[in-house]
Amino acid sequence: MPEQHEHMITIRGLVNRFGSQTVHDGLELDVRRDEILGVVGGSGTGKSVLLRSILGLHGPNEGTIKVMGQEIRYHEPGPHKKWGVLFQDGALLSGLTVQENVELPIALHSDLPIDTRRELAVLKIFMVGLDLNAASKYPNELSGGMRKRASMARALALEPKVLFLDEPTAGLDPISATEFDRLISYLHANLDLTIVLVTHDVDTLFGVCDRVAVLVNKGIIVDTLDEIVKHPDPWIQEYFGDPRAVRARKAAKSRVKT
Amino acid sequence: MDEFLTVERQGGLLQINLKDHWVFANVNTLQQTLDEIDPGVENRVRFVCGGLKDFDLAGAWVLYEKSMDYEELDIETEFDGFKATHFKFLQHIIDIAAQKEYIPGFFDPQPSHYWRNSIRTIGENTIEAVDSVGYIARSVLDGIKRPSRLVVGETIHQIHATGAAAIPIVMVVCFLMGIVLAYQSARQLEQFGANIFMVDLVANAIFRELGVLLAAIMVAGRSGSAFAAALGTMKLTEEVDALRVMGLNPNQILIIPRVLGLMIALPLLTVFADIAGLLGGAFIGATVLDINWFSFTERLASTIDVNDVLVGLSKAPMFAFLIAVTGTLRGMQVKGSAEELGRLTTVAVVQSIFLIIVADAIFTVVYARIGF
């Protein structure tokens, strides 16, 4: 019964065109409260465009997008205090330390005294598994994994309700990637968070997500992992039939059992 | 005070009932409200959260900090009636606070060693400057010994970008400068009825100093900044490293063409600058001062010899060298951040213009001494 769920994000009739090429045609999507939704799709199916449309960074040709009841319009202020975004390569401001990067949104959106601001930032930095040593460094002095964590701390700075992750594990080694997956699960379990993550990583998909949204044929198919692997669409069959995906699925299942 | 909590006191127990939204947006008010509570004589505090509608990490943190304050005053604190999710947040803060003990010095203000740091910075910058100049000089030498075919094409490209593309703007600026010079000198010369000497003044100033100087300053602004920004971005995006691992000497294909290109382009640009300056003077002579084009050229031929033109042109390669080396050097020094890129681009332009003017002063003094 989908009516029972409160929807954090609703998308209706989204159309995105680039010249003569239509990427999304009447796409509809509901993201439920407290779920982790994984978005997958082949190259050029518009994963990034979808994410950018939701964030108000791209103006769709048609359709309405609502995040927490607020309609998103291109280039207009969205619910900035209620969402956090982790960009693919972190997008930390390179001229500021990690600490200052995390403090920045707090400073922008509140009038807290400096001490409080600092304490809250440190709290978030610890939360994502970094220490004070890392907090005082500049982004270019950190490894890729640490930069992602720092960026995560910044995304969490304002206690968001919705978290968007763009390719959270891209460019990380398998160990860091697994740790990052764990961080995502940990944050989801401990905070009131709805997470939308765009990913290529099948391990993340099977290990973390509650539901999966697959972008195919200019639309979107959303279902739980167990159901979606049975979907007849050829791209879905190919994607989840791939040996890597099969292995990831088995691994995720065995993890649940133990 | 009633907005977020109510207080009950009963025989040694201070009970604080929390309600409403204990969230990030209210942190300031929450802290103030809690601070307003007078612990009084009670030695036990109980936080109860019956009416809590919303609670997040920031709210939990405020609560935890307050409880720590009470503990320091030897007041026992306890938490009661928290829902599981609320308690999870609190537990979190407590765990995290435990971790924080590791580096106690982090929050203390560091003593500032202003003078010591300034002197150290000067020293470090000097060493770095000497180091990079030496490094680049060596690779330039390498590059000259083993020239690459890429250099030729790239040099031609640079001549076009820094020279040919700058012709219109440089000519406009010099034309206007010619007009200004003609007007200003004519105003003084009119008093003696010696209008014709305006030609001497304009021609000497343009040929010997202003033509090359204006061209060099325009180029420093256009190309010096472009060099620094382009090389700086290439450093940031690891393109320079990519060239190196492909076995190309990045200094050879990035620096030599720019230095060489500009040293060829600027003298040529100076010729255009000189022409435009003269045209500006002649234009004002013909339209305002009753010196027609014919008498202008006649006077010009008798007052200027080839040495005057060469004085200006001989400075151009030196100025070009200064601009190109400063720009590329600063660009190559960029590391780390976009901020750094902006800073070093500014430094490149300011320093190259400064160096141009210093060099010009030296040239003028030396030429005056040797009678050139």
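The structure this text deals with has already been given above.
Residues numbered from 1 in each chain as written. Chains lettered and ligands numbered in written order. Predicted model: local features only at pLDDT ≥ 70, side-chain atom pairs only at ≥ 80, totals over all residues. Heavy atoms only, no water.

A. Here's a closer look at the packing of helix α1 (residues 27–36) of chain B against helix α2 (residues 57–72) of chain B. All names here are of chain B. Running from amino to carboxyl end, α1 crosses α2 at an angle of 25 degrees, the nearest separation of the two axes being 10 Å. Put simply, α1 runs roughly parallel to α2. Handedness of the α1/α2 crossing: right-handed. From α1, Val27, Leu30, Gln31, Leu34 and Asp35 reach across to α2, where they touch Ala58, Trp61, Val62, Leu63, Lys66 and Tyr70. Along the lines of polarity and charge, the residues of the contact of α1 with α2 split into eight nonpolar, one polar and two charged. (Axes fitted to C-alpha atoms, helices over the stretch in contact; angles between N-to-C directions. Helix = DSSP H or I, 4+ residues; strand = E, 2+ residues; numbered from the N terminus. Parallel < 35°, antiparallel > 145°, perpendicular 65-115°, else oblique. Left-handed = near helix turned anticlockwise from the far one by under 90°. Contact = heavy atoms within 4.5 Å. Nonpolar A, V, L, I, M, F, W, Y, C, P; charged D, E, K, R; others polar.)

B. Region of the structure containing the packing of helix α10 (residues 256–287) of chain B against helix α11 (residues 293–303) of chain B. Residue and element names in this part refer to chain B. The N-to-C vectors of α10 and α11 enclose an angle of 135 degrees; their axes lie 9 Å apart at closest approach. What the angle tells us is that α10 and α11 run oblique. When you trace α10 past α11, the crossing you get is right-handed. Of α11, the residues touching α10 (which contributes Leu278, Leu279, Gly281, Ala282, Phe283 and Ala286) are Trp293, Phe296 and Leu300.

C. Highlighting the interface of chain A and chain B. Counting from both sides, the interface comprises 30 residues of chain A and, opposite them, 24 residues of chain B. When chain A packs against chain B, close to 2,400 Å² is buried across both sides, 68% of that on carbon and sulfur atoms. When the buried surface of chain A facing chain B is broken down by residue, Glu119, Phe126 and Leu132 of chain A rank first, second and third, together holding 23% of it. Between the two partners, chain A and chain B, sit zero salt bridges. Those elements that place two or more of their residues in the side of chain A that touches chain B are α2 (98–109), α3 (114–127), α4 (132–135) and α6 (174–190) of chain A. A per-element tally of the side of chain A that touches chain B places α3 of chain A first, with nine residues. Residues that form the side of chain A that touches chain B fall into these classes: 14 nonpolar, nine polar and seven charged. (Buried area = accessible area lost by both parts, 1.4 Å probe. Salt bridge = Lys/Arg side-chain N within 4 Å of Asp/Glu carboxyl O.)

D. Summary view of the side chain of glutamine 333 of chain B. When you line up the elements, glutamine 333 of chain B lands in helix α12 (residues 306–333). Look at glutamine 333 of chain B and you get buried, because its relative accessible area is 10%. (Buried < 20%, exposed > 50% of the residue type's maximum accessible area, 1.4 Å probe, protein only.)

E. View of the pattern of salt bridges. Under the counting rule described, the total for this entry stands at 13 salt bridges over all chains. Put simply, glutamate 103 of chain A and arginine 117 of chain A hold a salt bridge, and the shortest N to O gap is 3.8 Å. Residue glutamate 103 of chain A is found in helix α2, and its partner arginine 117 of chain A is found in helix α3; the two are separated by 14 residues along the sequence. Between aspartate 308 of chain B and arginine 208 of chain B there is a salt bridge, with its nearest N and O atoms 2.5 Å apart. Linking aspartate 308 of chain B in helix α12 with arginine 208 of chain B in helix α7 (residues 198–236), this pair joins segments that are 100 residues apart in sequence. Residue class for arginine 208 of chain B comes out partly exposed when judged on its relative accessible area of 23%. Through salt bridges that share partners, Glu209, Lys315 and Asp360 of chain B make up one connected network.

F. Molecular detail of the packing of aromatic side chains. Evaluated as defined, the whole model comprises nine aromatic pairs over all chains. Seen in terms of ring centroids, tryptophan 235 of chain A and tyrosine 239 of chain A are 4.9 Å apart; in terms of plane orientation they differ by 20 degrees. Their pairing is stacked. With tryptophan 235 of chain A and tyrosine 239 of chain A both in helix α9 (residues 234–241) and four residues apart, this pair spans about one turn of that helix. Here tyrosine 239 of chain A falls in the buried class, since its relative accessible area comes to 16%. Geometrically, the ring pair formed by phenylalanine 47 of chain B and tyrosine 70 of chain B is tilted, given 6.5 Å between the ring centres and 40 degrees between the ring planes. One end of the pair, phenylalanine 47 of chain B, is in strand β3 (residues 44–55); the other, tyrosine 70 of chain B, is in helix α2, and 23 residues separate them in sequence. Residue phenylalanine 47 of chain B is classed as buried on the basis of its relative accessible area, which comes to 0%. Judged by relative accessible area, which is 1%, tyrosine 70 of chain B ranks as buried. Following the ring pairs from residue to residue traces out a cluster consisting of Phe206, Trp235, Tyr239 and Phe240 of chain A. The ring of tyrosine 70 of chain B carries the charged tip of lysine 66 of chain B above its face, separated from the ring centre by 5.3 Å. (Phe/Tyr/Trp six-rings, centres within 6.5 Å; stacked < 30°, edge-to-face > 60°. Lys NZ or Arg CZ within 6 Å of the ring centre and 35° of its normal.)

G. Summary view of a nonpolar patch on the surface. Residues and elements named next belong to chain B. A grouping of Val271, Phe272, Ile275, Leu279, Phe283 and Trp293 is seen on the molecular surface, where their side chains present a nonpolar patch of about 520 Å² in accessible area. Among the elements that take part in the nonpolar patch, α10 stands out by supplying five residues, more than any other. Mapping leucine 279 onto the fold places it in helix α10. (Patch = residues over 30% accessible without salt bridge, like charges linked within 9 Å, V, L, I, M, F, W, Y side chains within 5 Å. Areas by Shrake-Rupley, 256 points an atom, 1.4 Å probe, with all protein chains shown as cover.)

H. Examining the sheet that holds strand β3 (residues 36–41) of chain A more closely. Residue and element names in this part refer to chain A. Taken in spatial order, the six strands line up as β6-β7-β8-β3-β9-β10 in an open sheet, and their pairing is mixed. Two strands in the sheet have a free side with no partner beyond their single neighbour: β6 (83–86) and β10 (219–224). This sheet shows a mean twist of 20 degrees between the axes of neighbouring strands, independent of strand direction. In the sheet, β3 pairs with strand β8 (residues 194–198) via four bridges, with the strands oriented parallel. Looking at the pairing, leucine 37 lines up with valine 196 of β8. Packed on one face of the sheet, α6 meets β3, β6, β7 (162–166) and β8 and runs near 155 degrees to β8. This element, α9, spans β3, β9 (211–216) and β10 of the sheet and lies at about 125 degrees to β9. (Pairing = 2+ DSSP bridges.)

I. Highlighting helix α4 (residues 114–145) of chain B. All names here are of chain B. Over its 32 residues, α4 extends 46 Å from the first C-alpha to the last, a length consistent with the 46 Å expected when each residue adds 1.5 Å. Looking only at α4, the buried set comprises Ser132, Ile136, Ser139 and Gly143. Packed against the buried residues of α4 are α9 (250–254), α10 and α12. (Expected span 1.5 Å × (residues − 1).)

J. Quick look at the pairing of β3 of chain A. Residues and elements named next belong to chain A. Within β3, six of the six residues are buried, which leaves the element mostly enclosed by the surrounding structure. Here β3 shows two buried faces, one formed by Ile36, Gly38 and Val40 and the other by Leu37, Val39 and Gly41. Both β3 and β9 contribute to a ladder of five bridges, which runs parallel. Within β9, the position partnered with glycine 38 by the bridge is valine 212.

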